[in-house]
Amino acid sequence: MDDLLAATADRIFAGGGDVWAALTAAGLTTVGVPEDAGGSGGTLEDAAAVLRTAGYRAAAVPLAETGWLAGRLLAEAGLPLPDGPLTAAAADDLARVPWARDARGIAVVNGDRLDYYERGRFDAAPGANLAGEPRDRVVLGPEPTASGPCTADLRTRGALARAVQLTGALRRALDLTVRYAGEREQFGRPLGRFQAVQQAVAELAGEAVVADVAVRAAVRAPDDPVAVAAAKANASRAAGTAAAIAHQVHGALGVTAEHPLHTVTLRLWSWREEYGSEHAWAAELGGRATAASPLWPFLIGA
Amino acid sequence: MAALPELEPGTLPPEAAALRAEVRAFLAAADFEPRADCWLTGADPAFSRALGARGWLGMTLPARYGGHGRSPLERFVVVEELLAAGAPVGAHWIADRQIGPSLLHHGSEEQKRRFLPAIARGECFFAIGMSEPDAGSDLASVRTRAERDGDGWRLTGTKVWTSGAHLAHAICVLARSEPGSERHAGLTQFLVPLPADGVTVRPILSLSGDHHFNEVVLDGARVPDALVLGAPGNGWAQVTAELAYERSGPERVLSTFPLLRLAHERGALPAAALGRLAARLWALRQASLGVAAALDAGRTPAAEAALVKDLGTRFESEITAAVREHAGIEPDPGSPDPLARALAQAVVQAPGFTLRGGTSEILRGIVARGLGVR
Ligand SMILES: Cc1cc2nc3c(=O)[nH]c(=O)nc-3n(C[C@H](O)[C@H](O)[C@H](O)COP(=O)(O)OP(=O)(O)OC[C@H]3O[C@@H](n4cnc5c(N)ncnc54)[C@H](O)[C@@H]3O)c2cc1C
């Protein structure tokens, strides 16, 4: 199921045109949101397959925000799922709300309550991350459109979503680098024939694969705070290593606006910070680990 | 363009929880000093026999050979618990990890009956005779020769860095059995029971003065045909298959875990440092489990195993670095403080982490080749 979804999503992202409309038509914007709540149904692993593909293609769409974040929050609160792009935010953190200017509505986590604000009931002053994705300053109006109960921690959910996107972008950085190392020739042979380059590419692959397997494991255990913290910490850590190696191998061409590498690395550098960097999640995990005794069972959750 | 297949997370079977609890109860009652790098330097034959008595050696071997018919993932659970506790598992390590599976796969019926039950009881330890003075990373350049002698062979050559040969009941020797053959062709594995005429085992002291590896000189040692492992000439394929088991197990991540555990108990690490290590360990364990599950499913994830070993062994020294940075102690093997002793073990064994079982450089070469970068 998730392979099929990923393949469908990939065709859409690669196809260009109105990607959001095509995603919506294919029912891919609300994978992981139960059908009886108005979503497309499917598991969180299915949703991750689509999101990973979006990360791989550096797709500029509010996919994580619409389904993974807002859609699931609304469904859990028993609120209707509006059509169109959505986003989510925490009531006490409205400075950089993703895609707010384009959103049909915002699901705002306010303690144990979810407040939904329809477009027109909030203002969004444009801001952006390094990749130019909207990160807007939001001012909420006096009244939400609707409210319901909420038990989710938005930061944890957001971290897992960004971790999934990061693993897609990491794999793309790896693929671009492998391809370039095979094509670009210097000293009469492809770069990939130089052992120094091979070793660097292997390191990129190592970081990407370890982050990927950790994130996949966390997607299967999204309520395990250790799993999510470890997943985001590793994905964010891998982002820096991978971007540095990818650029080193690509030489000057990689730092141009013309070459596609930057669409991936700008996202790696942005997403590694969003919903907590590797440092923030390590500190969080470390705080829990310090209090745990003994350490080993805490770490492996068994 | 080749690409690394995606490594799926491994899922432990439901039986794992009860098994884990049994191992923990056993460890809590056992008497040993936890140590870093216990799987290479912590040999205690009595402890190995006790594990054998519990059914925790040769776990994946079938019952008719004295094994326990458990899955590799159940073995994973037992092994990671033993390593996390720093238990003295060095004596049986090689026999249990790779010789058992290799014998099961390639051995004759007679060899299986002779060795496997003893391995599972913790009464037959093995050493690996691959490396030689002039054949390290370039293992295919081994020079030890096997010459035909009636219904058997005579082995002549020198093996080095042979871990545990001084405790082992047998050594598995890789030798060139076809004169004039080159590289991967003409190599054969031989099972040589120890002690044996024509085999001299001499200690090679490690930099800390410890004795865990050896030089093994073969001077016309006679091996009957019945102790050829697998088909003559098939040695290279057998050895490379063994390496997939050898490379990605929990021992490539956990060698210094006992040091981390002691530092944590003492509150010696600030949250950020502890959390960085915890996050890394969690991910590397998932990767190791993923490779174990792939092996279990009958795949040979050579590049993935290589990558896990590269990152895992580097992590082992990240623990040491964090303890050095924050604990404010000096490494001292004779200290009354167990943390200082564990730090000493971790520091002096560290160079070996990224050499044994294939150096990091060689592993990255394997990963690059897996990606099609060559
Ligand atoms: C603690 C320990 C226990 C061991 N136990 C055993 C054992 O029980 N049985 C056994 O058979 N062996 C054992 N070994 C040997 C181990 O397998 C070898 O150390 C390893 O294969 C490397 O060989 P070498 O030491 O000769 O180093 P070399 O191959 O000489 O390498 C030296 C350095 O050069 C680098 N290098 C070599 N070739 C290349 C290349 N093509 N490209 C880039 N870099 C290269 C290596 O990465 C390394 O950094 C053990 C080693 C250690 C440290």
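Bear in mind that the values here come from a model prediction, so they are computed numbers and not experimental data. (Residues numbered from 1 in each chain as written. Chains lettered and ligands numbered in written order. Predicted model: local features only at pLDDT ≥ 70, side-chain atom pairs only at ≥ 80, totals over all residues. Heavy atoms only, no water.)

### Some words on the interface of chain B and chain A
(1) Moving on: Contacts between the two partners involve 43 residues from chain B and, on the opposite side, 45 residues from chain A.
(2) Moving on: Between chain B and chain A, roughly 4,100 Å² of surface is buried when both sides are summed, and carbon and sulfur atoms account for 67% of that area.
(3) Moving on: Where chain B packs against chain A, one counts seven salt bridges.
(4) Moving on: Measuring nitrogen to oxygen at the nearest pair gives 3.3 Å for the salt bridge that ties R314 of chain B to E203 of chain A.
(5) Moving on: Viewed at the interface, chain A and chain B are joined by 16 residue pairs in polar contact (both at pLDDT 80 or more).
(6) Moving on: For the side of chain B that touches chain A, the leading source of residues is helix α9 (residues 271-296) of chain B, giving 15 residues.
(7) Moving on: A per-class count over the side of chain B that touches chain A returns 24 nonpolar, five polar and 14 charged. (Contact = heavy atoms within 4.5 Å. Buried area = accessible area lost by both parts, 1.4 Å probe. Salt bridge = Lys/Arg side-chain N within 4 Å of Asp/Glu carboxyl O. Polar contact = N/O pair within 3.5 Å; in protein donor to acceptor, adjacent residues only side chain to side chain. Helix = DSSP H or I, 4+ residues; strand = E, 2+ residues; numbered from the N terminus. Nonpolar A, V, L, I, M, F, W, Y, C, P; charged D, E, K, R; others polar.)

### Some thoughts on the domain arrangement of chain A
Residue and element names in this part refer to chain A.
(1) Moving on: We note that the domain assignment places domain 1 (2-149) and domain 2 (154-300) within chain A.
(2) Moving on: One C-alpha centre belongs to domain 1, the other to domain 2; they are set 23 Å apart.
(3) Moving on: Every contact between the two is made by 28 residues of domain 1 and, on the other side, 27 residues of domain 2.
(4) Moving on: Between domain 1 and domain 2, the buried area comes to about 2,300 Å², and carbon and sulfur atoms account for 59% of it.
(5) Moving on: Applying the counting rule to domain 1 against domain 2 returns six salt bridges. (Domains from an automatic or database assignment.)

### Here's the deal with the domain arrangement of chain B
The extent of an interface is frequently quoted as the accessible surface area lost upon association of the parts.
Residues and elements named next belong to chain B.
(1) Moving on: Partitioning chain B into domains gives domain 1 (16-125), domain 2 (128-234) and domain 3 (237-371).
(2) Moving on: Taken over C-alpha atoms, the centre of domain 2 sits 28 Å from the centre of domain 3.
(3) Moving on: With 14 residues of domain 2 in contact, the opposing surface of domain 3 contributes nine residues.
(4) Moving on: Buried surface at the junction of domain 2 and domain 3, summed over both partners, amounts to about 900 Å²; 52% is from carbon and sulfur atoms.
(5) Moving on: Across the domain 2-domain 3 interface, the total number found is zero salt bridges.
(6) Moving on: The interface formed by domain 2 and domain 3 holds five residue pairs in polar contact (both at pLDDT 80 or more) in total.
(7) Moving on: Considering only residue class, the side of domain 2 that touches domain 3 consists of seven nonpolar, six polar and one charged.

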